[in-house]
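A closer look at the structure
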Amino acid sequence: MERWYLMPRVPFQITVDAQSDVAYITMSDSDVEDTRELTADVLVDVDALGMVVGIEVLRLDAEIPFQRLVDELHVHSADVETLRALRPSVASSLRLTQGTEGTSVQRGAAANADGSSIAV
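Quick look at the structure, then.

Rules used in this analysis
Residues numbered from 1 in each chain as written. Predicted model: local features only at pLDDT ≥ 70, side-chain atom pairs only at ≥ 80, totals over all residues. Heavy atoms only, no water. Helix = DSSP H or I, 4+ residues; strand = E, 2+ residues; numbered from the N terminus. Buried < 20%, exposed > 50% of the residue type's maximum accessible area, 1.4 Å probe, protein only. Contact = heavy atoms within 4.5 Å. Areas by Shrake-Rupley, 256 points an atom, 1.4 Å probe, with all protein chains shown as cover. Polar contact = N/O pair within 3.5 Å; in protein donor to acceptor, adjacent residues only side chain to side chain. Lys, Arg positive; Asp, Glu negative; His and termini not counted. Salt bridge = Lys/Arg side-chain N within 4 Å of Asp/Glu carboxyl O. Pairing = 2+ DSSP bridges. Core = buried A, V, L, I, M, F, W, Y, C linked by side-chain atoms within 4.5 Å.

What follows covers the overall build of the protein chain. Across its full length, the protein chain carries three helices and nine strands. Taken from the N to the C terminus, the helices and strands of the protein chain come in the order β-β-β-β-β-α-α-α-β-β-β-β. The buried share of the protein chain, taken over its 120 residues, is 38%. Looking at the protein chain alone, contacts between residues at least 24 apart form 48% of all its contacts between residues at least 6 apart. Approximately 7200 Å² of the protein chain is accessible, and the part contributed by carbon and sulfur atoms is 49%.

The following block contains the structure:
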């Protein structure tokens, strides 16, 4: 059996600050033109064309309303499945572990030693 994985156009980068309980999901390297409030805990940065550039999560356990992202904002269709992997929240998708050398962030086998960010 062959397996195919849908890869995003641009590698997503998730930057997590576990001490502040926030995260930023970078989806594009475009310039941010505007920030829209999707919920009280989820802000979305868009470019001049209204395409999602990044998602700021103000609480790691905040549920990200993915269907609203797709329905109300411009998310590239190739990125939708990658976003769905983060459901329902960043905290549920990542394992944060506190150790003597700081916080480490893990998703499956991927992790950064400093815990600051991972690529999805």
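Now for the environment of D45. Assignment of secondary structure puts D45 in strand β4 (residues 42–46). Residue D45 is classed as buried on the basis of its relative accessible area of 10%. Each C-alpha atom, one on D45 and one on I55, is 6.2 Å from the other, the two residues being 10 residues apart in sequence. Among the polar contacts listed, one links the side chain of D45 to the side chain of Y24, at a separation of 2.7 Å.

The charged side chain of D45 is buried without a salt bridge, its nearest counter-charge being R36 at 9.0 Å. Leaving out residues up to four positions away in the same chain, D45 has contacts with Y24, V32, D34, T35, M51, V52, V53 and G54.

Tracing the chain through its elements places S89 in the loop between α2 (80–84) and α3 (90–93). With a relative accessible area of 5%, S89 lands in the buried category.

Here we come to the pairing of strand β3 (residues 34–39). The pairing of β3 with β4 spans five bridges and is antiparallel. Bridged to R36 within β4 is V44. Hairpin connection between β3 and β4: a loop of two residues separates the two successive antiparallel strands.

Once that is clear, we can look at the nonpolar core. Within the largest apolar cluster, 24 residues are counted, with the highest numbers of intra-cluster contacts made by I25, M27, I55, V57, I64, L69 and L83. Apart from residues no more than four positions distant in its own chain, V57 is found in contact with D21, V22, A23, I25, D41, A62, I64 and V90.

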